[in-house]
Amino acid sequence: MVKNMEILNSKIFGENLSNTPLLVFHGLFGMLDNWGSFGKDLGEYLPVHLIDLRNHGRSFHSESMSHDDLADDIARYMDHYGIQKAHVLGHSLGGKAVMQFAVKYPERVEKLIVVDISPKAYPPHHQGIIKALETVDFNTVTSRNEVEAVLNQYIPERSTVQFLTKNLYWDDNKKLGWRFNLKTLSEKYTEFVSNAIKFGVFEGDTLFIAGSKSNYILPQDEFGIKQQFPKAKIVTVQNAGHWVQAENPVDFANVVKEFLGLN
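Residues numbered from 1 in each chain as written. Predicted model: local features only at pLDDT ≥ 70, side-chain atom pairs only at ≥ 80, totals over all residues. Heavy atoms only, no water.

Visitor: How should the layout of surface pockets be read in this particular structure?
Guide: Gaps left between atoms are located by rolling a probe of water-molecule size over the structure's atoms. In this structure, the largest pocket occupies an estimated 320 Å³ of space. Contributing to the lining of the largest pocket are 17 residues, with His 126, Ile 129, Tyr 216, His 242 and Trp 243 lying nearest its centre. With 3 residues, the single largest contributor to the lining of the largest pocket is helix α6 (residues 158-165). Grouping the constituent residues of the lining of the largest pocket by class yields 8 nonpolar, 7 polar and 2 charged. (1 Å grid on protein atoms, 1.4 Å probe; cavity = no way out; pocket = protein on both sides within 12 Å on 5 of 7 lines; lining within 4 Å. Points joined across faces, edges and corners; volume = space filled by probe spheres on them. Helix = DSSP H or I, 4+ residues; strand = E, 2+ residues; numbered from the N terminus. Nonpolar A, V, L, I, M, F, W, Y, C, P; charged D, E, K, R; others polar.)

Printed below as a string of structure tokens:
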């Protein structure tokens, strides 16, 4: 069981700056390292905390994985670092986490940035990836290349395979393993993907960033977004799919800087 006081793992840029900090949360099967360049860039302007969600990266593992859990983790993280109020940014699953946080703890959010996800429930769509990850037998594979070979049989997109294998690490017994907690992410998948965030309203400044080649935020989602985030504006970044920040990092960073008044 998770102790109540476990704090999410993070890497902090611009620690000595006095502006309102920006907390950044990655998506499913991601980790804070995916956001390194962005953190370094924005860390010139304000403190940036790149954070591993529970069951991801170097953060703690837990059998529980609801949107409420993720929101409470953020509150605990802020308490631990003495942060009263922050800008929060989340991509995909991280976007669900920061939306839930904003409606649950509105007084702690200065500005909210949600990247390529809406508050709605999504049909399950990672079954192929989960099956591929579960097929890797760490008792027999001895190299990253062997893991890639297994994943390639199930996942046609090379970029996705590369994204997933960033999570490989050597444990104390010199065996490869996943940093994420595949068991919980697989068992609780429907709880955090196929559920909308709980209803609540965040009245503060909110930016939704969509990728032009992605179908995660559709025109018909705007009504539901505005119900919970009445001040939301939706900006589309061109030449980018779901991983907006990786596929068009310059335009993505500029949109965020403008929204935060850093330009």
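Visitor: Before we go on, may I ask you to explain the environment of Asn 139 in this structure?
Guide: Mapped onto the fold, Asn 139 is located in the loop between α4 (127-135) and α5 (144-152). Side-chain polar atoms of Asn 139 contact the side chain of Lys 175, separated by 2.8 Å. (Polar contact = N/O pair within 3.5 Å; in protein donor to acceptor, adjacent residues only side chain to side chain.)

Visitor: Help me out: how do you make sense of empty space enclosed by the protein in this one?
Guide: Tallied over the full model, the rule gives 2 cavities of 30 Å³ or more. The space that makes up the largest cavity amounts to roughly 100 Å³. In terms of lining, the largest cavity is formed by Leu 28, Ser 92, Leu 93, Lys 96, Ile 117, Tyr 122, His 125, His 126, Phe 192, Val 193 and Tyr 216. When contributions to the lining of the largest cavity are tallied by element, the ones reaching two or more residues are α3 (93-104) and α8 (189-193). Residue composition of the lining of the largest cavity, by class: 7 nonpolar, 3 polar and 1 charged. Volume-wise, the second largest cavity comes out at about 30 Å³. Together, Gly 27, Asn 34, Trp 35, His 91, Phe 163, Trp 243 and Gln 245 line the second largest cavity. Its residues assigned to classes, the lining of the second largest cavity shows 3 nonpolar, 4 polar and no charged.

Visitor: Help me out: how do you make sense of the packing of aromatic side chains in this one?
Guide: Scanning all chains against the criterion turns up 12 aromatic pairs. Seen in terms of ring centroids, Trp 35 and Phe 38 are 5.4 Å apart; in terms of plane orientation they differ by 85°. Their pairing is edge-to-face. The residues Trp 35 and Phe 38 share a single accessibility class, namely buried. An angle of 40° between the planes, with centres 4.6 Å apart, marks the rings of Tyr 77 and Tyr 81 as tilted. You can call Tyr 77 buried: its relative accessible area is 0%. The class of Tyr 81 is partly exposed, set by a relative accessible area of 37%. Three or more aromatic residues link up through ring pairs in this structure, and these residues are Phe 29, Phe 138, Trp 178 and Phe 180. Its end group placed over the ring of Phe 259, Lys 111 keeps NZ or CZ at 5.0 Å from the ring centre. The ring of Tyr 122 has Lys 120 sitting right over it, with the charged end atom 5.0 Å from the ring centre. (Phe/Tyr/Trp six-rings, centres within 6.5 Å; stacked < 30°, edge-to-face > 60°. Buried < 20%, exposed > 50% of the residue type's maximum accessible area, 1.4 Å probe, protein only. Lys NZ or Arg CZ within 6 Å of the ring centre and 35° of its normal.)

Coordinates in, geometry out; function isn't part of it.
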